[in-house]
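Spelled out from the first residue to the last, the chains are:
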Amino acid sequence: MDNFSTQNDGSLPSLNIHASYSSDDGGGGGGGGGGGSNRTPKFFDRFYDSSSDDDFCPSSTPAAPSTSDGVENAGRRLDYMIQFLERKLSSPDHDRTRALPEFVGKGGGTGLFKVPARAAVHPGRPPSLEVRPHPLRETQIGCFLRSVVCSESQLWAGQECGIRVWNFADLYGSSSGAGGVVRSGDEETAPFCESVHTSAAICLVVDEATRVVWSGHKDGEVRAWKMDQRLGDDPFTECLSWQAHRTPVLSLVMTSYGDLWSGSEGGVIKIWPWESIGKGFSLMTEEMPMAALLVERSFIDLRSQLTVNGVLASDVKYMISDNCRGKVWSAGHHSFALWDARTRELLKVFNVDGQIENQVDISAQDSAFDDEWKTKFVSASKKDKLQASFSFLQRSRNAIMGAADAVRRVAAKGPFGDDSRRTEALVMTIDGMIWTGCTSGLLVQWDGQGNRLQDFHYHSFAVQCFCTFGSRIWIGYVSGTVQVLDLEGNLLGGWVAHDSPVISMTSGAGYVFTLDNYGGIRGWSTTSPGPLDSILRSELAGKEFLYTRLEKLKILAATWNVGQGRASHDSLISWLGSAASDAGIIVVGLQEVEMGAGFLAMSAAKETVGLEGSSLGQWWLDMIGRTLDEGSMFERVGSRQLAGLLIAVWVRNNVKAYVGDVDAAAVPCGFGYAIGNKGAVGLRMRVYNRVMCFVNCHFAAHLEAVNRRNADFDHVYRTMIFSRPSNLSNATAASVSSAVQMLRSTNSVEGTLELSEADMVVFLGDFNYRLDGISYDEARDFVSQRCFDWLKERDQLRAEMEAGNVFQGMREAVIRFPPTYKFERHQAGLAGYDSGEKKRIPAWCDRILYRDSRRAAVAECSLECPVVSSVTQYEACMDVTDSDHKPVRCIFSVDIARVDESVRRQEFGEIIRSNKRIRHTLEELCKIPDTIVSTNNIILQNQDTSILRITNKSGKYEALFEIICEGQSTVKDGGLASDHQPRGSFGFPHWLEVNTASAIIKPNRVAEVAVHHEEFQTLEEFVDGIPQNSWCEDSRDKEVILMVKIGGKFSTETRDHRIRVRYCFANKKTPIDSKSNSHGQTQGTVLHRSDIQRLSGSSDVVAHLRDMHSSLCSSNDSVQKSIRE
């Protein structure tokens, strides 16, 4: 090996520019290891030439799109530029010239009624790379993404139907779908490939050493997927799989010794030794069934080895490997277990407060139990029956102890437990600290021994996931918020990253990728928040015209108080049929579908258990659907009923692909805000990636109840919270913790409301506002003369909107139709107004109002003002006589500006590649400090410890280091070692301990790492969880190559130093009893700091090692001779 120090570039489409840092206080290397190579930095490394084993050959530019993709994307850009110029130069379109005049309520520019801010680049968060733009929830049924993880060159995602993978080199590319077929929900997703269909993939873990990604599945299987396989149009398959558990695999982790650990329900933890996995990988493809059986039967069941009082009875939701100390953490919601990764022993069990749990003395109890059992039954039982009986009784005892512990916990914490303290996420940072996140939003820092250090609380919603990069901690919350902390727990920044819970995060290629609950993936610069954000935001905003796409849509909104009656088919045709001809979306709101004290009481009771709807409500839905030719022309996408209130939305088939994420809400306003005789029901949906809300209201009745009606509106506006409607309950998303059920409003803590965050809100219904200061006869006279302007001056709603008391900032088209209340049923014409004893004064009770994205009366549709609407029709159907109210309808002509995410993603990549300010900023942020490693060869013998020193020569930058094991080899008779084979995840062999294996080195400081030999000659082979064989490890000398990977604070590259560590046996061991004491210590020969020699090349290293090997053998022979004498 000619060079022990290399720079690892990787095949990354990196946001970072990686550069080496050289200062006046030194450079180059020191000791045997040197300071690493000083390769000229390459910018935006994309891929490498696999024909070179030693040096990567990165490209300096992003991967170029294919010719067809380039032509298509250029055409789309040209179309958008032409649209932009037409908007600037042309006169208003025909719909705008036909728009009706509007009245605008006061008070809409401030507070809760302020129009939400929009921009080409979101103003409230750093610019992001849209790897997978938010897919509509309805398109993801059965294929929701659940987790993400990064390898060196790929982004992997586990989904409900298999595995999905993106190559970093393609992240800025245009959409192509899986296998060249673009599926619904992935129209603008970066190019990806998918696996064959499997059960839901719950967890993922990367093993760079063997170049595989492991996945744990709902059906209990563990699968391995090759990273380097050629990904094409056909679904790729796993290279190894086996049945690991009978229940879902909830967690996976690769330890610092290369073993694979899996956790499942009921506290089951199994270890799959690297020795078996390695043998499985060594078999040929046609021998894979044999490999699967070999690995499947090799497991070590930790729960069968020992039991802790109740801890191992809870689901193993999370596991992390503490590679710094050679430990493994496993966790449920309320407790933790700390394991030794090398010996696989349980070290500690503690709860969320850091208090040690009651631990059973397994060794003593098992010994007494075994002796009693053998005395009674060993003579009459065979070995297999004995083991089965042991297993059965032990499981029974464990179950009883677990139940007792559950009772103890309930007694201590109350009947409902303490859900706010539940652990929802777990991560380890580069400095060796462990961080956990709770349902309450609490962040807890622990040391590596399981001692609780300090708490932090920056957000009141549940933590869902963590990610670490360099010296920063990223936190994802159920509210969709992401926060960034430093290692001391200081909050550096935070923003709303997604509209739904952030359920998984991972880092790679200079990004932190966040996955939301419905499958959207965004990449955030690892430097965010930082100086790069403002530059990217400005550059992207300046190219808005290249990726802005305009859509036009007609919306028909219709309201009718049906007075507990039923409508004829002709009435529905008159009301909806004629107006629906060119509408893309139809919204219908009904009031008083069904009333009566008994019905209202039953409706309230059903609401408390999550039930809604009625047979009469269903009749209305069916009749309207028939009128609209539902099935062939339209599809109903959502509905919600609260007592007598009913709202439903139908979407034309050619628009359906752009409408989804339908959520429903209900707010009762009757009888102390508890009964639904008055109140509102609403539907929220995403239309062309813009949020629209439709709210059907029925407010307090009677002339004098103006203030009560105002209060009803205010209550609805402030408290309406949307969730998935019960009739769409099968459209479940990816599994999220129980904390999601506690989420009531994503932004309520920050003081914003769901309706106020929509791009367009339409209120329709029987608002019940009357006419003031006019008699019944006067009103009838003005109506008959069609003097509506004078009547409108008496309109309570208009007066209250003018005063800013209700519907603040809302718009209503000019009213040119007679008052719609109150009529005698089945009497046509204006003569049908109420002529009974009460003679109720005619009034415009039934209204339709709206608010779009405009802040001024006139505004052009753009990404800053993405929804601009006008009313082209606003009328009542006076010929319909089925109720005492007339139905009203309103047609909106809506312009919607949306982002073509595929084009913007390419523009994002172009900016990263070519912008000089960004390149300079990244060069400064991503420098790798120069370091010195004290030696490049170590010899250990009989539990020796050698101290490895790593010096950070920079006086300005922190150095981050990690030590891995590139591989192990057996030393041959000539003292040479070659063909070093890595263990899983570059794990250490069991005879070697490295402490500390990762840390941060302050400027001008030295880190000391203990490299220690630990006796581990006895190996056990497990079959079906039971130890079968025990033999001595090969007693020949061993050699490993340790790699010290040095990085900067934000760099994705590392400068690598390689160190040979050779273990020389003092004498040849004979087979030993596994129960014998093997902890005796013998002083061996170690290369101490003063022994370091300058070695110029690999030949010097080999010669030096051969000399030391001969010297050690002679010394050992002398020792043995003196002992015999």
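Residues numbered from 1 in each chain as written. Predicted model: local features only at pLDDT ≥ 70, side-chain atom pairs only at ≥ 80, totals over all residues. Heavy atoms only, no water.

**Structural notes on the overall build of the chain**
Part 1 of the argument: Tallying secondary structure elements over the chain gives 19 helices and 55 strands in all.
Part 2 of the argument: Surface summary for the chain: the accessible area is close to 44,500 Å², and the carbon and sulfur share equals 50%. (Helix = DSSP H or I, 4+ residues; strand = E, 2+ residues; numbered from the N terminus. Areas by Shrake-Rupley, 256 points an atom, 1.4 Å probe, with all protein chains shown as cover.)

**Side note on the pairing of strand β29 (residues 502–508)**
Part 1 of the argument: Buried residues dominate β29, accounting for six of its seven residues.
Part 2 of the argument: Pairing geometry for β29 and strand β30 (residues 511–516), over six bridges, is antiparallel. For T506, the partnering residue across the bridge sits in β30 and is F513.
Part 3 of the argument: If you look at the hairpin formed by β29 and β30, you'll find two residues sitting between the two strands, and A509 has a positive phi there, around 60 degrees. (Buried < 20%, exposed > 50% of the residue type's maximum accessible area, 1.4 Å probe, protein only. Pairing = 2+ DSSP bridges.)

**Description of the side chain of N952**
Part 1 of the argument: Mapped onto the fold, N952 is located in strand β47 (residues 945–952).
Part 2 of the argument: In contact with N952, not counting residues within four places along its chain, are P929, D930, T931, Y957, E958, A959, I1001, K1002, P1003, N1004 and R1005. (Contact = heavy atoms within 4.5 Å.)

**Thoughts on the packing of aromatic side chains**
Part 1 of the argument: Overall, the coordinates contain 42 aromatic pairs when judged by the stated rule.
Part 2 of the argument: Between F113 and Y717, the ring centres sit 4.7 Å apart and the planes meet at 35 degrees, which makes this aromatic pair tilted. Of this pair, F113 sits in the loop between β3 (102–104) and β4 (128–132) while Y717 is found in helix α13 (residues 706–719), placing the two residues 604 residues apart along the sequence.
Part 3 of the argument: Note on W261 and W339: the rings are 6.1 Å apart at their centroids and 75 degrees apart in plane angle, and the pair reads as edge-to-face. (Phe/Tyr/Trp six-rings, centres within 6.5 Å; stacked < 30°, edge-to-face > 60°.)

**Some points on empty space enclosed by the protein**
Part 1 of the argument: Enumeration over the complete set of coordinates arrives at five cavities of 30 Å³ or more.
Part 2 of the argument: For the second largest cavity, the calculated volume is near 50 Å³.
Part 3 of the argument: Taken together, F599, S603, K606, E607, L611, E612, G613, Q641 and A643 make up the lining of the second largest cavity.
Part 4 of the argument: If you tally residues by element for the lining of the second largest cavity, the top one is helix α11 (residues 597–608), at four residues.
Part 5 of the argument: Class assignment for the residues of the lining of the second largest cavity results in three nonpolar, three polar and three charged. (1 Å grid on protein atoms, 1.4 Å probe; cavity = no way out; pocket = protein on both sides within 12 Å on 5 of 7 lines; lining within 4 Å. Points joined across faces, edges and corners; volume = space filled by probe spheres on them. Nonpolar A, V, L, I, M, F, W, Y, C, P; charged D, E, K, R; others polar.)

**Comments concerning unusual backbone geometry**
Part 1 of the argument: Note the cis peptide between S528 and P529, where omega equals -10 degrees.
Part 2 of the argument: Among the structural elements, P529 can be located in the loop between β31 (521–525) and α8 (531–542).
Part 3 of the argument: At the junction of N995 and T996, the peptide bond is cis and its omega measures out at 15 degrees in the coordinates.
Part 4 of the argument: Within the secondary structure, T996 sits in the loop between β49 (992–995) and β50 (998–1001).
Part 5 of the argument: Unusually for a residue other than glycine, A509 sits at a positive phi of about 60 degrees.
Part 6 of the argument: Secondary-structure assignment places A509 in the loop between β29 and β30.

**With respect to the sheet that holds strand β42 (residues 867–876)**
Part 1 of the argument: In space, the six strands of this open sheet follow the order β34-β35-β33-β32-β43-β42, with mixed pairing throughout. Of all the strands in the sheet, just β34 (634–642) and β42 have a single pairing partner and so form its edges. Across the sheet, the mean angle separating the axes of adjacent strands is 15 degrees when strand polarity is ignored.
Part 2 of the argument: Summarising the sheet, strand β32 (residues 548–561) and strand β33 (residues 585–591) pair through seven bridges and their orientation is parallel. Paired with A558 across the bridge in β33 is V588.
Part 3 of the argument: Packing against the sheet, helix α12 (residues 615–627) makes contact with β32, β33, β34 and β35 (645–652), and its axis sits at approximately 25 degrees to β35. (Axes fitted to C-alpha atoms, helices over the stretch in contact; angles between N-to-C directions.)

**Some points on the nonpolar core**
Part 1 of the argument: Counting residues in hydrophobic clusters, the biggest one holds 55 residues, and the most contacted among them are Y874 and F892.
Part 2 of the argument: Once you skip the residues sitting within four places of it in the chain, Y874 turns out to touch L100, E812, A813, V814, I815, F817, D846, R847, I848, V888, R889 and C890. (Core = buried A, V, L, I, M, F, W, Y, C linked by side-chain atoms within 4.5 Å.)

**Remarks on helix α17 (residues 901–914)**
Part 1 of the argument: In a regular helix each residue adds 1.5 Å, so 14 residues correspond to 20 Å; α17 covers 20 Å between its end C-alpha atoms and thus fits that length.
Part 2 of the argument: Taking burial as the measure, the 14 residues of α17 include eleven buried ones, the bulk of the element.
Part 3 of the argument: Of all the positions in α17, only E901, S902, V903, R904, R905, Q906, E907, F908, G909, I911 and I912 are classed as buried.
Part 4 of the argument: N-capping of α17 is provided by D900, with a side-chain oxygen placed 3.2 Å from the backbone N of S902. (Expected span 1.5 Å × (residues − 1). Polar contact = N/O pair within 3.5 Å; in protein donor to acceptor, adjacent residues only side chain to side chain.)

**Remarks on the sheet that holds strand β12 (residues 240–243)**
Part 1 of the argument: Strand order in this open sheet of four strands is β9-β10-β11-β12, and the pairing throughout is antiparallel. The outermost strands of the open sheet, each flanked by one partner alone, are β9 (201–207) and β12. Averaged over all neighbouring strand pairs, the angle between strand axes comes to 15 degrees, with direction disregarded.
Part 2 of the argument: Taken together, the four bridges between strand β11 (residues 221–226) and β12 define a ladder with antiparallel strand orientation. Bridged to V222 within β12 is W242.

**Some remarks on the pattern of salt bridges**
Part 1 of the argument: Scanning the entire structure with this criterion turns up 55 salt bridges.
Part 2 of the argument: The partner of D499 in a salt bridge is R686, and the shortest N-O contact between them spans 3.0 Å. Of the two residues, D499 is situated in the loop between β28 (491–496) and β29 and R686 in strand β37 (residues 675–687); the sequence distance between them amounts to 187 residues.
Part 3 of the argument: E812 serves as the salt-bridge partner of R798, at 4.0 Å between the closest nitrogen and oxygen. With R798 in helix α16 (residues 796–802) and E812 in strand β40 (residues 811–813), this residue pair connects regions lying 14 residues apart in the sequence.
Part 4 of the argument: Judged by its relative accessible area of 0%, E812 is buried.
Part 5 of the argument: Look at the salt bridges and you will find they share partners, linking R132, R164, R183, D186 and E194 into a network. (Salt bridge = Lys/Arg side-chain N within 4 Å of Asp/Glu carboxyl O.)

**Details of the environment of W446**
Part 1 of the argument: By the secondary structure assignment, W446 is in strand β23 (residues 442–446).
Part 2 of the argument: Owing to a relative accessible area of 1%, W446 belongs among the buried residues under this scheme.
Part 3 of the argument: C-alpha separation for the pair W446 and T436, spaced ten residues apart in sequence, amounts to 8.0 Å.
Part 4 of the argument: In this structure the side chain of W446 is engaged in a polar contact, spanning 3.0 Å, whose partner is the side chain of T436.

**Details of the confidence of the model for the chain**
Part 1 of the argument: Summing up the model confidence of the chain, the mean pLDDT is 81 and the portion of residues at 70 or higher is 75%.
Part 2 of the argument: Low pLDDT, under 50, characterises residues 360–390; the stretch is placed with 20 contacts to residues that sit more than four places away or in other chains.
Part 3 of the argument: When the criterion is pLDDT under 50, residues 1068–1102 qualifies, and its contacts beyond four places in sequence or with other chains add up to 50 contacts. (pLDDT = per-residue confidence, 0-100.)

**Description of helix α4 (residues 288–296)**
Part 1 of the argument: Within the span of α4, buried status applies to M288, A291, A292 and V295. Mapping the buried residues of α4 onto a view down its axis gives an arc of 100 degrees, with all of them on the same face. Along α4, the residues that are exposed and aim more than 90 degrees away from the buried face are P289 and M290.
Part 2 of the argument: Looking at the packing, one finds that the buried side of α4 touches β12, β15 (269–272) and α3 (274–282). (Arc of directions from axis to C-beta.)

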